[in-house]
Amino acid sequence: MWEKLRVVFTIPELRQKIFLTLTFLAIYRVGYHIPLPTVNQEVMGQAMSEEGGFGDFVDRVAVFSASNLREATIFGLGIMPYISASIIFQLLGSVWKPIEDLRKEGETGRKKINEYTRYLTVALCLLQSWMYVRWYLMGATAGGGSLIDPSFLVRGELSLGWQLTSVMTMTCGTIFLMWLGEQIDEFGIGNGISLLIMAGILARMPGALGDLLKNAKFELVGIGGVIGVEHLVILTVLFVSVVVGVVFITLGQRRIPTQSAKHVRGRRTYGGTRQYLPLRINQAGVMPIIFASSLLMLPAMFFAFLGNIFPGGASQLGQVADMFSGGTSFLYNLMYVAFIYFFCYFWTAITFNPKEMSENLKDYGTFIPGYRPGRRTADYLEKVMVRITYVGAGFLAIVAIVPTIVSGSLGVSFAIASFYGGTGLLIAVSVAFDLVQKIDSHLVMRNYRGLLES
């Protein structure tokens, strides 16, 4: 392995791309900690710890958006507005004719869709940043402390100019992150947006590990609330097992055998080769978990809001809100699994078109043995995808609830348990494999072995 890494850095072009990517990621991490000037960061931390519903919401969103709203920084919104805009246009491409036509125009249409995505990203940034600034103005701790720095208040209010400045600062921060991701795509190596998200996820691991070791006793403590040596061993083995399982399913494929038609030209015969059509078991990727977790954040906020409006039923509504905000109740996990299955089939139906794939096979003179080209092939591909999607959804459901099981059974905090499954682990593994494949492509072009080849 060390020899392969040495070879990677001996290739000038590849070495330049890697160092440039690391530089852009370092710039992102620096901006990640620059606070908004109008927010009182000390009081902000107290408010986040007191308001469990909104604090949990921010923590869960931060996992897959590379954001830092808990400290109200210039990159507070992260890259989530751009991801949301991209998802919206991807969905519109399946249901709206003009966007569908643009997707079929090739590179020109893709550039036009990217331009529209940037415009929508700016609009979403303005809307979301304005909502957060208004929350900063209305928010307060239990002791009555304001979230706004007193030096910026005039007669107890934040001026409209400073409000607009905060909105534009957060908006420009997200646009700058989007630009960084595009620069990594063009001049660096790997997918820029995905690398930014993975950098945010991995940066949280040292802190979580430090908290775990700080609260642990390096002795046998038995079953109880204290974390001992046996808990650390179980957590280590479990982490390795979950990562191996995620890698296995992420790379898992259902290979459908195909055969190309024979063509006789003169005395030579072309085609007739047997190949296979790879269908990923986890076709939907990490999107079902993102959709499901985002949707289940809303009930906690909704019932907490109703509790403030109707004080008479505040206790009952508060109990319902706690069931969804904690993420450990049976009802929450049951709905979590149900939503994951639903969004797995929904996202696969959006991104996988068996009819279009059947037509492409027919155009290239390729067919699946035993099935006639056209409708029969499309029906067979759809049936296979329905079956493997069921397995992929089950895998995602297990990975999604592993943090809850680890947190409840071993007594560790959810921040630590979240690294044993869920969105963060899936994103980190997927992005790591994509990065390795990009590096391998450079090595193979120069007749070197890939990083994962023996």
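Residues numbered from 1 in each chain as written. Predicted model: local features only at pLDDT ≥ 70, side-chain atom pairs only at ≥ 80, totals over all residues. Heavy atoms only, no water.

## Side note on the overall build of the chain
Then comes step 1: Broken down by element type, the chain carries 18 helices and 7 strands.
Then comes step 2: Split into buried and exposed, the 454 residues of the chain put 43% on the buried side.
Then comes step 3: By sequence separation, contacts in the chain at least 24 residues apart represent 69% of the contacts at least 6 residues apart.
Then comes step 4: Per element, the accessible surface of the chain, about 24,400 Å² overall, is 63% carbon and sulfur. (Helix = DSSP H or I, 4+ residues; strand = E, 2+ residues; numbered from the N terminus. Buried < 20%, exposed > 50% of the residue type's maximum accessible area, 1.4 Å probe, protein only. Contact = heavy atoms within 4.5 Å. Areas by Shrake-Rupley, 256 points an atom, 1.4 Å probe, with all protein chains shown as cover.)

## Here we look at the pattern of salt bridges
Then comes step 1: This model, assessed by the stated rule, comprises 7 salt bridges.
Then comes step 2: Glu182 serves as the salt-bridge partner of Arg118, at 2.9 Å between the closest nitrogen and oxygen. Pair noted here: Arg118 is in helix α7 (residues 107–138) and Glu182 is in helix α8 (residues 160–187), with a separation of 64 residues, a long-range link.
Then comes step 3: Arg118 gets classed as partly exposed once you look at its relative accessible area, which sits at 30%. (Salt bridge = Lys/Arg side-chain N within 4 Å of Asp/Glu carboxyl O.)

## Concerning the pairing of strand β3 (residues 253–260)
Then comes step 1: Where β3 and strand β6 (residues 274–280) come together, 7 bridges link them in antiparallel fashion. Bridge pairing links Thr258 to Gln275 in β6.
Then comes step 2: Direction of pairing for β3 relative to strand β7 (residues 366–367): antiparallel, over a ladder of 2 bridges. The residue bridging Ser260 from the neighbouring strand is Thr366, located in β7. (Pairing = 2+ DSSP bridges.)

## Digging into helix α14 (residues 330–351)
Then comes step 1: The end-to-end C-alpha distance of α14, which contains 22 residues, comes to 31 Å, matching closely the 32 Å that a straight helix rising 1.5 Å per residue would cover.
Then comes step 2: Taken together, the buried positions of α14 are Tyr332, Asn333, Tyr336, Ile340, Phe343, Cys344, Trp347 and Thr348. Down the axis of α14, the buried side of the element spans an arc of 125 degrees, and every buried residue falls inside it. In α14, the exposed positions angled more than 90 degrees off the buried face are occupied by Phe330 and Ala349. (Expected span 1.5 Å × (residues − 1). Arc of directions from axis to C-beta.)

## Some details on the environment of Ala400
Then comes step 1: Positionally, Ala400 belongs in helix α16 (residues 375–410).
Then comes step 2: With 24 residues separating them in the primary sequence, Ala400 and Gly424 have C-alpha atoms 9.9 Å apart.

## Thoughts on the side chain of Ser166
Then comes step 1: By the secondary structure assignment, Ser166 is in helix α8.
Then comes step 2: Ser166 gets classed as buried once you look at its relative accessible area, which sits at 4%.
Then comes step 3: Discounting chain neighbours no more than four positions away, the residues touching Ser166 are Leu36, Thr38 and Val133.

## Here we look at the confidence of the model for the chain
Then comes step 1: This prediction gives the chain a mean pLDDT of 80; 83% of its residues lie at or above 70.
Then comes step 2: Per-element mean pLDDT across the chain ranges from 59 in helix α4 (residues 52–63) up to 91 in helix α2 (residues 12–32).
Then comes step 3: Throughout residues 140–144 the model reports pLDDT below 50, and contacts reaching past four residues in sequence, or to other chains, amount to 8 contacts. (pLDDT = per-residue confidence, 0-100.)

## Considerations on the packing of helix α11 (residues 229–251) against α16
Working note: a packed helix pair is described by the angle between its axes plus the distance between those axes.
Then comes step 1: It is at 11 Å that the axes of α11 and α16 come closest, and there the two elements cross at 175 degrees. Here α11 is positioned roughly antiparallel relative to α16, judged by the angle of their axes. Mapping the contact onto sequence places His231, Ile234, Leu235, Leu238, Val242, Gly245, Val246 and Ile249 in α11 and Phe395, Val399, Val402, Val406 and Leu410 in α16.
Then comes step 2: Residue classes in the contact of α11 with α16 are distributed as 11 nonpolar, 2 polar and no charged. (Axes fitted to C-alpha atoms, helices over the stretch in contact; angles between N-to-C directions. Parallel < 35°, antiparallel > 145°, perpendicular 65-115°, else oblique. Nonpolar A, V, L, I, M, F, W, Y, C, P; charged D, E, K, R; others polar.)

## Details of the packing of aromatic side chains
Then comes step 1: One pass over the structure, following the stated rule, counts 14 aromatic pairs.
Then comes step 2: Ring centres of Phe9 and Phe19 lie 5.8 Å apart, and the angle between their planes is 40 degrees; this geometry places the pair in the tilted category. Residue Phe9 is located in helix α1 (residues 2–10), and its partner Phe19 is located in helix α2; the two are separated by 10 residues in the primary sequence.
Then comes step 3: The partly exposed category is assigned to Phe9, whose relative accessible area is 35%.
Then comes step 4: Between the aromatic rings of Tyr371 and Tyr380, the centroid separation amounts to 4.2 Å while the plane-to-plane angle is 25 degrees, which identifies the pairing as stacked.
Then comes step 5: By way of ring pairs, the aromatic residues Phe24, Tyr28, Tyr32, Phe75, Phe176 and Trp179 are connected into one cluster.
Then comes step 6: In this arrangement the basic side chain of Arg29 is found over the ring face of Tyr32, its NZ or CZ atom lying 4.3 Å from the centre. (Phe/Tyr/Trp six-rings, centres within 6.5 Å; stacked < 30°, edge-to-face > 60°. Lys NZ or Arg CZ within 6 Å of the ring centre and 35° of its normal.)

## Some remarks on the side chain of Thr377
Then comes step 1: By secondary structure assignment, the location of Thr377 is in helix α16.
Then comes step 2: With a relative accessible area of 3%, Thr377 lands in the buried category.
Then comes step 3: Engagement of the side chain of Thr377 in a polar contact is seen with the backbone oxygen of Arg372, the distance being 2.7 Å. (Polar contact = N/O pair within 3.5 Å; in protein donor to acceptor, adjacent residues only side chain to side chain.)

## Comments concerning the sheet that holds β7
Then comes step 1: The 3 strands lie next to each other as β6-β3-β7, forming an open sheet whose pairing is antiparallel. Unpaired on one side and paired on the other, β6 and β7 mark the two borders of the sheet.
Then comes step 2: Relative to the sheet, α16 contacts β3 and β6, its axis offset from that of β3 by approximately 165 degrees.

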